[in-house]
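# Notes for the structure review
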Amino acid sequence: MLLNWTVMILYNYFSAMFVGPGYVPLGWTPEKSQDCMYLQYCKVCQSYKAPRSHHCRKCNRCVMKMDHHCPWINNCCGYQNHASFTLFLLLAPLGCIHASFIFVMTMYTQLYNRISFGWSSVKIDMSAAKRDPRPIIPFGLSAFAVSLFALGLALGTTIAVGMLFIIQMKVILTNKTSIESWIEEKAKDRIQYYQTGETFIFPYDMGSKWKNFKQVFTWSGIPEGDGLDWPVRDGCHQYSLTIEQLKQKADKRIRSVRYQAVEDYSGVCCPVTKGVKTFFTTPCTEEPRIALSKGDLILATRGLKHWMYGEKILDSAGDGGIRERGWFPRKCVEKCQYDSEMDQPVDGEKKNR
């Protein structure tokens with residue numbers, strides 16, 4: 001049974017790794033040219049982003065139904081390998097639970113056979129078993145230490161990977177991805193901020209957990225659809241989610257604040273010269289850092305107490321030009337003072353948008 005767990009775990013692991021998530025074809029455009037207005041354009045892939053697809057900076061491609069980029073499989077989790085990845089997250093804890101049971105019973109029986117009960121003390125002799133002078137497998141002090149260490153690894157894997165499995169099942173049963181859950185939260189925030197009165201309904205939730213489950217898990221192992229066109233619930237548009245993404249992108253430009261660099265920053269992950277708090281509070285994310293030179297202009301979109309995230313506007317960047325995005329220390333920049341000639345929206349204009 002333990003070998004069976006191992007085979008199934010490795011099969012789904014390597015399937016998730018080598019099958020891959022599926023990528024939007026380079027140069028892809030929707031069948032109807034007028035639908036391009038509902039989609040974002042990817043300059044790297046030279047194509048429009050299909051519904052539910054996102055560009056991965058690690059894979060350098062637009063991934064169909066992208067959930068996240070997993071460093072453990074060195075690939076994205078998406079349309080084609082979502083089922084294999086989730087089965088791996090299920091089978092790994094089950095195999096570790098089985099292994100933990102074997103470790104616990106082995107240590108219990110071996111220790112029990114080596115315990116000597118006296119009137120005043122209890123002694124454990126790891127050199128040989130008292131009741132079984134011929135053990136099938138030698139079990140000494142080193143074997144006990146290794147078994148205890150392996151038990152800790154098995155229990156740790158069960159808890160960590162099991163929690164990831166629960167998270168994945170939550171999004172699968174609502175027919176979402178982790179990125180789409182985040183988009184939905186930002187949609188609620190945008191509607192509340194501008195008080196538009198509209199209601200955002202996630203278009204790909206079929207209204208039934210079983211129907212959502214079958215969108216990912218099939219008997220053939222091949223997910224439904226082609227990864228480009230998706231069934232939507234009644235009352236929703238095929239491009240409801242992409243239209244919301246375009247609204248959030250426009251809102252992001254409005255909410256961004258212009259900063260100017262007052263100190264140089266090399267772009268290292270944990271800068272020593274920018275203060276102790278900046279060093280120890282570096283963002284725990286795979287998102288890049290951007291190097292700054294004094295005088296650079298940055299559009300900041302979000303931030304932490306000692307770090308900020310934004311886009312550095314290059315000299316060669318025009319409308320829709322190239323921008324470097326990443327984290328940088330907050331103490332290296334200061335907020336630009338706008339004058340009356342600069343087109344910067346005020347709070348009243350934001351509310352009326």
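Residues numbered from 1 in each chain as written. Predicted model: local features only at pLDDT ≥ 70, side-chain atom pairs only at ≥ 80, totals over all residues. Heavy atoms only, no water.

## Regarding empty space enclosed by the protein
- Under the defined criterion, the tally for this structure stands at 2 cavities of 30 Å³ or more.
- Size it by volume and the largest cavity reaches roughly 50 Å³.
- Around the largest cavity, the lining residues are Leu39, Gln40, Lys49, Ala50, Arg52, Ser53, His54, Thr242 and Gln245.
- Of the residues in the lining of the largest cavity, the class split is 2 nonpolar, 5 polar and 2 charged. (1 Å grid on protein atoms, 1.4 Å probe; cavity = no way out; pocket = protein on both sides within 12 Å on 5 of 7 lines; lining within 4 Å. Points joined across faces, edges and corners; volume = space filled by probe spheres on them. Nonpolar A, V, L, I, M, F, W, Y, C, P; charged D, E, K, R; others polar.)

## With respect to the pattern of salt bridges
- Scanning all chains against the criterion turns up 10 salt bridges.
- Asp189 is the partner of Arg255 in a salt bridge, and the nearest nitrogen-oxygen pair spans 3.4 Å. Of this pair, Arg255 sits in helix H6 (residues 240-255) while Asp189 sits in helix H4 (residues 178-194), and the two are 66 residues apart along the sequence.
- With a relative accessible area of 28%, Arg255 lands in the partly exposed category.
- Judged by relative accessible area, which is 40%, Asp189 ranks as partly exposed.
- Taken together, the salt bridges that share partners define one network made up of Arg190, Glu198, Glu244 and Lys247. (Salt bridge = Lys/Arg side-chain N within 4 Å of Asp/Glu carboxyl O. Helix = DSSP H or I, 4+ residues; strand = E, 2+ residues; numbered from the N terminus. Buried < 20%, exposed > 50% of the residue type's maximum accessible area, 1.4 Å probe, protein only.)

## Points about the UniProt feature "transmembrane region" (unreviewed entry) in the protein
- When the UniProt feature table is mapped onto this chain, "transmembrane region" (unreviewed entry) is found at residues 6-24, 87-108 and 136-167.
- In this annotation, residues 6-24 is assigned 74% helix and 0% strand; the end-to-end C-alpha distance for the span is 33 Å.
- Regarding residues 87-108, the helix share stands at 100% and the strand share at 0%, and the terminal C-alpha atoms are separated by 32 Å. (UniProt positions renumbered as here; feature names shortened; annotations may be inferred.)

## Some thoughts on the packing of aromatic side chains
- Here the structure, examined in full by the defined rule, presents 13 aromatic pairs.
- Between Tyr38 and Tyr239 the ring centres are 5.6 Å apart and the planes differ by 20°, which places this aromatic pair in the stacked class. Taken together, the positions of Tyr38 in the loop between helix H1 (2-19) and strand E1 (41-42) and Tyr239 in the loop between helix H5 (209-214) and H6 put the pair 201 residues apart, joining distant regions of the chain.
- The class of Tyr38 is partly exposed, set by a relative accessible area of 24%.
- Overall, Tyr239 belongs to the buried group, its relative accessible area being 9%.
- Centre to centre, the rings of Tyr309 and Trp327 are 5.5 Å apart; their planes meet at 65°, and the pair counts as edge-to-face. A residue pair is termed long-range when its members are at least 10 positions apart, and Tyr309 in strand E11 (residues 307-313) and Trp327 in strand E12 (residues 323-329) qualify at 18 residues.
- On the basis of relative accessibility, which here comes to 4%, the residue Tyr309 falls in the buried class.
- With relative accessibility at 5%, the residue Trp327 sits in the buried group.
- An aromatic cluster of at least three residues, connected via ring pairs, comprises Tyr13, Phe14, Phe18 and Phe88.
- The ring of Trp307 is capped by Arg289, whose NZ or CZ atom sits 5.6 Å from the centre of that ring.
- Taking NZ or CZ as reference, Arg302 lies 4.1 Å from the ring centre of Tyr309, over its face. (Phe/Tyr/Trp six-rings, centres within 6.5 Å; stacked < 30°, edge-to-face > 60°. Lys NZ or Arg CZ within 6 Å of the ring centre and 35° of its normal.)

## Some points on unusual backbone geometry
- For Gln46, which is not a glycine, the phi torsion comes out positive at approximately 55°.
- Assignment of secondary structure puts Gln46 in the loop between E1 and strand E2 (47-48).
- Even without glycine at this site, Asn74 takes up a positive phi of about 55°.
- Structurally, Asn74 is set in the loop between strand E5 (68-70) and strand E6 (75-77).

## Notes on a positive patch on the surface
- A cluster of basic side chains, namely Lys43, Arg57, Lys58, Lys186, Lys249, Lys252, Arg253 and Arg325, defines a positive patch on the protein surface.
- Considering each element in turn, the positive patch owes the most residues, 3 residues, to H6.
- Mapping Lys43 onto the fold places it in the loop between E1 and E2. (Patch = residues over 30% accessible without salt bridge, like charges linked within 9 Å, V, L, I, M, F, W, Y side chains within 5 Å. Areas by Shrake-Rupley, 256 points an atom, 1.4 Å probe, with all protein chains shown as cover. Lys, Arg positive; Asp, Glu negative; His and termini not counted. Charge placed at Lys NZ, Arg CZ, Asp CG, Glu CD.)

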